[in-house]
Amino acid sequence: AQVVHQLEHLGPLLAEADVTELVRLLRLGESLPTLGFPEIETNLQAVGQGFPLGPEELRQVADFCETAAHVRRYYGRLPSDDPRLQAPRMSKLAAGLGYHDDLIRMARETFDAAGELRDSASPDLGRLRRERDIVAARVRDQAERLLQSEEYAPFLQDSFVTLREDRFVLPLRASYKSMGLGIVHDTSRTGETVFIEPTALVELNNRLKVAEIEIRRESRRILEELAAEVSQAAEGLRQDRNLLTKLDVLT
């Protein structure tokens, strides 16, 4: 559909000389570059409205930019000593494709294979996550000690520590929920278990919660910064799309 739409504007510009150059390259055994680029207009509109992009959307932008770079490099090498391999019209057309190496690098290096922000996405993110992990280890260790203590052992429904609302809690029998053993955060599906945050864990859990909030804030800032980079490049990316579409139709 994108190609059909672009044909309405590009049709008059499709010169026979352009096609002749490509035919000559094919007859010489050249493999023309693949032009199966992703459609990124929806992503460009999103960043234009101030919305951040997720890992999949940024991957699409990076794929598009890499396609443009590959095509530009391919035709850029064709001004050759061998007159048969010269394609000045195609080389001139491809030379108009933009350079987006920084955008490609940012999109590729920001997320890991699972689509999560890497610690290296910013110095602050890595530091905040390390601090969060230290606090989480401390509060879990203290919760485990409470789990084994005589203070809570008689009231436990199960012998494990778990999380509710990013806070470490203990599973107690529901019949003891009003004994003032801590803050009730949740109940089990059957209603037989209540998940209580002992008073001794409140301060550390608060620090853990603040750490999580700071991590989310920094993650949001990183995504917004990436979106701003894409937004700034949007006009050039749209021009690249038009050029790649024309090359695709010619091919």
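Residues numbered from 1 in each chain as written. Predicted model: local features only at pLDDT ≥ 70, side-chain atom pairs only at ≥ 80, totals over all residues. Heavy atoms only, no water.

1. Details of the nonpolar core
Our working definition: We call a set of buried residues a nonpolar core when its members are Ala, Val, Leu, Ile, Met, Phe, Trp, Tyr or Cys and they connect through side-chain atoms within 4.5 Å of each other. Burial classification: accessible surface area is computed with a 1.4 Å probe over protein chains only, and a residue below 20% of its type maximum counts as buried, one above 50% as exposed, and the rest as partly exposed. For the purposes of this entry, the term helix denotes a DSSP run of H or I that reaches at least four residues, the term strand denotes a run of E that reaches at least two, and both are numbered from the N terminus. Only heavy atoms matter for contacts: two residues are in contact if any of them lie within 4.5 Å across the pair.
Grouped together as the largest cluster of nonpolar side chains are 46 residues, with contacts concentrated most on Leu-25, Val-71, Tyr-75, Met-90, Leu-237 and Leu-244. Counting only elements with at least two residues in this core, the list comes to helix 2 (16-27), helix 3 (41-48), helix 4 (55-76), helix 5 (88-94), helix 6 (101-110), helix 7 (123-148) and helix 8 (202-250). Here this core gets 13 residues from one element, more than from any other, and that element is helix 8. Once you skip the residues sitting within four places of it in the chain, Met-90 turns out to touch Asp-18, Glu-21, Leu-22, Tyr-75, Leu-247 and Leu-250.

2. What to know about the environment of Asp-158
Note that Asp-158 resides in the loop between helix 7 and strand 1 (162-164). Separated by 127 residues in the primary sequence, Asp-158 and Ser-31 have C-alpha atoms spaced 65 Å apart. Residue contacts for Asp-158: discarding those within four places in its chain leaves Leu-147, Pro-171 and Thr-193.

3. Observations regarding helix 3
Here is the rule: Working definition: the arc comes from the directions between the helix axis and the C-beta atoms, pointing outward to the latter.
Buried within helix 3 we find Glu-41, Asn-43, Leu-44 and Val-47. Within helix 3, the buried residues cover an arc of 160 degrees as seen down the axis, which keeps them to one side. Against helix 4 and helix 8 lie the buried residues of helix 3. In the stretch just after helix 3, Gly-50 is the one whose phi turns positive, near 90 degrees.

4. Side note on the environment of Leu-204
Here Leu-204 lies in helix 8. The class for Leu-204 is buried, based on a relative accessible area of 8%. Spatially, the C-alpha atoms of Leu-204 and Arg-24 are 72 Å apart, while their sequence positions differ by 180 residues. Aside from chain neighbours lying at most four places away, what touches Leu-204 is Val-135, Arg-138, Val-139 and Gln-142.

5. Re the environment of Arg-59
Tracing the chain through its elements places Arg-59 in helix 4. Taking C-alpha positions, Arg-59 is 11 Å from Asn-43, a pair spaced 16 residues apart along the chain.

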